Amino acid sequence: MAAPEVLDDGTYTKLREPRGGLALDGAWHQISPKYVVSQLVQEIALLVIVAVAATVVATLTGEWWPWLAGGAIVAVTVMSLIILPRQAKALGYMLRGDDIVFRRGILWQRLIAVPYGRMQLIDITHGPLDRLFGISKLKMVTAAASTGVEVPGLATPAAEALRDTLIEVAETRRTGL
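Quantities reported herein were computed from a predicted structural model and do not represent experimental measurements.

Thresholds, definitions, all that
Residues numbered from 1 in each chain as written. Predicted model: local features only at pLDDT ≥ 70, side-chain atom pairs only at ≥ 80, totals over all residues. Heavy atoms only, no water. Helix = DSSP H or I, 4+ residues; strand = E, 2+ residues; numbered from the N terminus. Buried < 20%, exposed > 50% of the residue type's maximum accessible area, 1.4 Å probe, protein only. Contact = heavy atoms within 4.5 Å. Pairing = 2+ DSSP bridges. Axes fitted to C-alpha atoms, helices over the stretch in contact; angles between N-to-C directions. Phe/Tyr/Trp six-rings, centres within 6.5 Å; stacked < 30°, edge-to-face > 60°. Lys NZ or Arg CZ within 6 Å of the ring centre and 35° of its normal. Parallel < 35°, antiparallel > 145°, perpendicular 65-115°, else oblique. Nonpolar A, V, L, I, M, F, W, Y, C, P; charged D, E, K, R; others polar.

(A) Main features of the overall build of the chain. Of regular secondary structure, the chain possesses four helices and seven strands. Listing each helix as α and each strand as β along the chain from the N terminus yields β-α-α-β-β-β-β-α-β-β-α. Here the chain holds 177 residues, and 36% of them are scored as buried. Contacts spanning at least 24 positions in sequence make up 53% of the contacts within the chain whose residues lie at least 6 apart.

This is how it looks when you write it as structure tokens:
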């Protein structure tokens, strides 16, 4: 079965492969670079809110500890912003004959294979900022709680095409029913 062409429209062009390489069949598909921009905007908004809150509390109380707490939150947020583009490039999924494989992570890599026949729910969500950037999050749910997979940052047409493809394939491969 061939994957729809729309899955790769406007996505990163090269998936970061983990050291040692994976010998899996199929083609890896990636998320949209707009995901990084969306996350950057959200994190910068958080930084502004934290800075304003720390300033207000420090001014009203005359204490120094709000600056310490605000500084710690800003430091963690800035570190997450620095690694965000690399994390986004490490996200990918592959449609195979019997399952979809999802991978994520740089240091702590995770590879999840979800059999088509075990999928119970395929959901697309997108918040206001995601809609502004034209991206969505596709969530696949199975009976096992640990195998629920979320693919963030998909272009909305790609998410809808992937959802339709997964539903179509899952209907033909229902197992254990």
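(B) Highlighting the sheet that holds strand E7 (residues 149-155). Taken in spatial order, the three strands make up an open sheet running E5-E6-E7, and their pairing is antiparallel. The open sheet has two edge strands, strand E5 (119-125) and E7, and neither has a second partner. The mean angle between the axes of side-by-side strands here comes to 20°, regardless of whether they run parallel or antiparallel. Strand direction decides the pairing type here: E5 and strand E6 (residues 135-142), joined by six bridges, are antiparallel. Residue pairing in the sheet places Thr125 in a bridge with Lys137 of E6. Running over the sheet, helix H4 (residues 156-172) touches E5, E6 and E7 and is turned about 20° from E6.

(C) How the structure looks around the packing of aromatic side chains. The final tally for this structure, using the stated rule, is zero aromatic pairs. Sitting above the plane of the Trp28 ring, Arg103 keeps its charged end 5.5 Å from the centroid.

(D) The sheet that holds strand E3 (residues 99-104), seen in detail. Pairing in this open sheet of four strands is antiparallel, and the strands run E1-E2-E3-E4 from one edge to the other. Strands at the two margins of the open sheet, each flanked by one partner only, are strand E1 (28-30) and strand E4 (110-115). On average, adjacent strands in this sheet sit at an angle of 25° to one another, irrespective of strand direction. Pairing between E3 and E4: six bridges, direction antiparallel. For Val101, the partnering residue across the bridge sits in E4 and is Ala113.

(E) Up close: the environment of Trp28. Along the chain, Trp28 falls in strand E1. By relative accessible area, which is 18% here, Trp28 ends up buried. Along the sequence, Trp28 and Tyr93 sit 65 residues apart, while their C-alpha atoms lie 5.5 Å from each other.

(F) Just the packing of helix H1 (residues 34-61) against helix H2 (residues 65-89), in detail. Axis separation between H1 and H2 bottoms out at 9 Å; the angle between their running directions is 175°. Classified by the angle between their axes, H1 and H2 sit roughly antiparallel to one another. A breakdown of the residues in the contact of H1 with H2 according to their chemical character gives 19 nonpolar, six polar and one charged.

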